[in-house]
Amino acid sequence: MGRIGPTEIIIIAVLIIVIFGWKRLPDAARSLGRSARVFKSEVDEMKKDNEKKSEASGQTVKSESIEPTSTVDRAVPTTDGNAVHENAPRTDNQSGPVA
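**Q** When you look at the overall build of the protein chain in this model, what are you seeing that I'm missing?
**A** Within the protein chain, the secondary structure is distributed over two helices and zero strands. Within the span of the protein chain, comprising 99 residues, buried residues form 2% of the whole. When the accessible surface of the protein chain is summed, it comes to about 10000 Å², and 59% of that surface belongs to carbon and sulfur atoms.

As structure tokens, then:
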């Protein structure tokens, strides 16, 4: 069931001739060959780029880890003297609840 016999090949060839026409087959085959050639050259170029990247990645210097800085200002002055609001981060949003 998975094999293509000579009868199926002949049927496929006749269908291709009927669809494309006898005069357009050489142009179609030429176009298909050009497309395959371009595709092959692009694949080869991608392989070369991957090889260059792997060589360069072995030559890089490893970085040192940096301690993340805190984005929350812990010394927010409060006007009402309430210690609960001291550690709240500053925001530019003025529409929040008023204490």
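There is more to say after this.
**Q** Even after reading the chapter, I still don't get a nonpolar patch on the surface, so can you show me in this structure?
**A** A contiguous nonpolar patch, built from Ile-11, Ile-12, Leu-15, Ile-16, Ile-19 and Phe-20 and spanning about 570 Å² of accessible area, is present on the exposed surface. Here Ile-19 lies in helix α1 (residues 6-20).

**Q** Got a minute to help me understand the pattern of salt bridges in this structure?
**A** Note that side chains of opposite charge can pair when their charged atoms are close. Evaluation of the coordinates by the stated rule reveals one salt bridge. A salt bridge links Arg-30 to Asp-27; the nearest nitrogen and oxygen atoms lie 2.9 Å apart. Placement of the pair is Arg-30 and Asp-27 together in helix α2 (residues 25-57), with a separation of three residues, close to one helical turn. Its relative accessible area of 44% is what places Arg-30 among the partly exposed residues.

**Q** I tried to follow α1 on my own but got confused; where do I start?
**A** Residues separated by three or four positions in an α-helix point in the same direction, a consequence of the helix having 3.6 residues per turn. With 15 residues, α1 ought to run about 21 Å at 1.5 Å a step, and its terminal C-alpha atoms sit 21 Å apart, in line with that. At the exit of α1 stands Gly-21, carrying a positive phi of roughly 90°.

Criteria and cut-off values
Residues numbered from 1 in each chain as written. Predicted model: local features only at pLDDT ≥ 70, side-chain atom pairs only at ≥ 80, totals over all residues. Heavy atoms only, no water. Helix = DSSP H or I, 4+ residues; strand = E, 2+ residues; numbered from the N terminus. Buried < 20%, exposed > 50% of the residue type's maximum accessible area, 1.4 Å probe, protein only. Areas by Shrake-Rupley, 256 points an atom, 1.4 Å probe, with all protein chains shown as cover. Patch = residues over 30% accessible without salt bridge, like charges linked within 9 Å, V, L, I, M, F, W, Y side chains within 5 Å. Salt bridge = Lys/Arg side-chain N within 4 Å of Asp/Glu carboxyl O. Expected span 1.5 Å × (residues − 1).

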